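Chain residues, written in single-letter form:
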Amino acid sequence: MSELPTSFGGAAMAMSEYYDADDGGGGNDYDEDEDNPMKNKNNRVPFHGNDKTMNMNPLILANVTNSPYFKTDLFQMKGFLEVIDEIYYKVDHLEPWERGTRKTAGMSQTGMCGGVRGVSAGGVVSSAFCLLFKVHTLRLTKKQMYSMLNHCDSPYIRGLGFMYLRFTLPPMDIWKWFEPYLEDEEVCISSIFV
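First, a word on scope: everything that follows refers to the structure included in this document. No experiment lies behind these values; they were computed from the predicted model shown. (Residues numbered from 1 in each chain as written. Predicted model: local features only at pLDDT ≥ 70, side-chain atom pairs only at ≥ 80, totals over all residues. Heavy atoms only, no water.)

1. Section: the overall build of the protein chain
Rules: In DSSP terms, a helix is any run of H or I states spanning at least four residues, a strand is any run of E spanning at least two, and both are numbered starting from the N terminus. Each residue is assigned to one of three classes by its accessible area relative to the maximum for its type, calculated with a 1.4 Å probe on protein chains only: buried under 20%, partly exposed between the two thresholds, exposed over 50%. Contact definition: two residues touch when any of their heavy atoms are within 4.5 Å.
Counting its regular elements, the protein chain contains eight helices and zero strands. Counting every position in the protein chain, which comprises 194 residues, the buried fraction comes to 46%. The long-range fraction of contacts in the protein chain, counting pairs at least 24 apart against all pairs at least 6 apart in sequence, stands at 73%.

2. With respect to the pattern of salt bridges
Put simply, the rule reads: Salt bridge, as used here, is a side-chain nitrogen of Lys or Arg placed within 4 Å of a carboxyl oxygen of Asp or Glu.
Under the defined criterion, the tally for this structure stands at two salt bridges. In this structure, Arg139 engages Asp51 in a salt bridge whose closest nitrogen and oxygen atoms are separated by 3.1 Å. Of the two residues, Arg139 is situated in the loop between helix H5 (127-138) and helix H6 (142-149) and Asp51 in the loop between helix H1 (15-18) and helix H2 (58-66); the sequence distance between them amounts to 88 residues. Here Arg139 matches Asp51 in class, with each residue buried. As a salt-bridge pair, Arg158 and Asp184 come within 2.4 Å of each other at their nearest N and O atoms. Here the residue Arg158 occupies a position in helix H7 (residues 155-168), and Asp184 occupies one in the segment after helix H8 (174-178), the gap between them amounting to 26 residues.

3. So, the packing of aromatic side chains
Where we set the bar: When the centres of two rings from Phe, Tyr and Trp lie within 6.5 Å, Trp using its six-membered ring, the rings pair. Their planes under 30 degrees apart give stacked, over 60 give edge-to-face, and anything left gives tilted.
Counted by the stated rule, this structure contains six aromatic pairs. For the ring pair Phe70 and Phe133, a centre distance of 5.8 Å and an interplane angle of 55° mean the geometry is tilted. Of the two residues, Phe70 is situated in helix H3 (residues 68-76) and Phe133 in helix H5; the sequence distance between them amounts to 63 residues. You can call Phe70 buried: its relative accessible area is 0%. For Phe133, a relative accessible area of 0% translates into the label buried. Here the aromatic rings of Phe162 and Phe178 are separated by 5.2 Å at their centres, their planes lie at 65°, and the arrangement is edge-to-face.

4. Here's the deal with the environment of Ser147
Structurally, Ser147 can be placed in helix H6. Sequence separation of Ser147 and Ile157 is 10 residues, and the distance between their C-alpha atoms is 9.4 Å.

5. Focus: H3
Formally: Summarising the geometry, the arc corresponds to the directions from the helix axis toward the C-beta atoms.
Of all the residues in H3, the buried ones are Tyr69, Phe70 and Leu74. Seen from one end, H3 has its buried residues packed into an arc of 80°, which puts them on one side. H3 presents Pro68 and Gln76 as exposed residues on the side facing more than 90 degrees away from its buried surface.

6. Some words on the nonpolar core
Definition in use: Residues belong to one nonpolar core when they are buried, are Ala, Val, Leu, Ile, Met, Phe, Trp, Tyr or Cys, and are joined through side-chain atoms within 4.5 Å.
Within the largest apolar cluster, 42 residues are counted, with the highest numbers of intra-cluster contacts made by Ile87, Met145, Met148 and Leu160. For this core, the secondary structure elements donating two or more residues are H2, H3, helix H4 (80-90), H5, H6, H7 and H8. Other than its neighbours up to four places away in sequence, Ile87 contacts Leu131, Val135, Met148, Tyr156, Ile157 and Leu160.

7. With respect to H4
Of the residues making up H4, those classed as buried are Phe80, Val83, Ile84, Glu86 and Ile87. The arc that holds the buried residues of H4, viewed along the axis, is 160°, so those residues lie on one side. Residues of H4 that are exposed and point more than 90 degrees away from the buried face comprise Leu81 and Tyr89.

Printed below as a string of structure tokens:
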């Protein structure tokens, strides 16, 4: 099993340095400030699991954090709206790997082998998963997450919002967030094999 990456952009930059300094790296201190929602940490989307890895598969996470797209283009983006625009222009599927780049070690690309599910052998990580991890680094508020889930311009913005929630929400909160969207009829191509 591969090790989790300990840095972004080389050994000189620790993962904790990537997150905003006022955030403290996503610690569990919940200061409330009713007048300023940005300082109200209780206004953040709840998180469950490993805060540094976003509960991502280690192979996918290593490919995301080492990808030139993440280290150069996405690293410079600091605002929520910038990232939403990037999702709109760059995401055309929600698979972890770009088409034709995943190494399958002689296995077929069909069926339920580990490679198809994106956990066996890596390739070029998709822009969707790079942006998914970038969304995690922004420490979204509930209002920002609802704006992703209700976005009308692109099903991929919505899809990444749901994927983020699925990776990070405490299990007891998933139904509360997903239930209003169960009968949603918007089409979203989740696979590159369609």
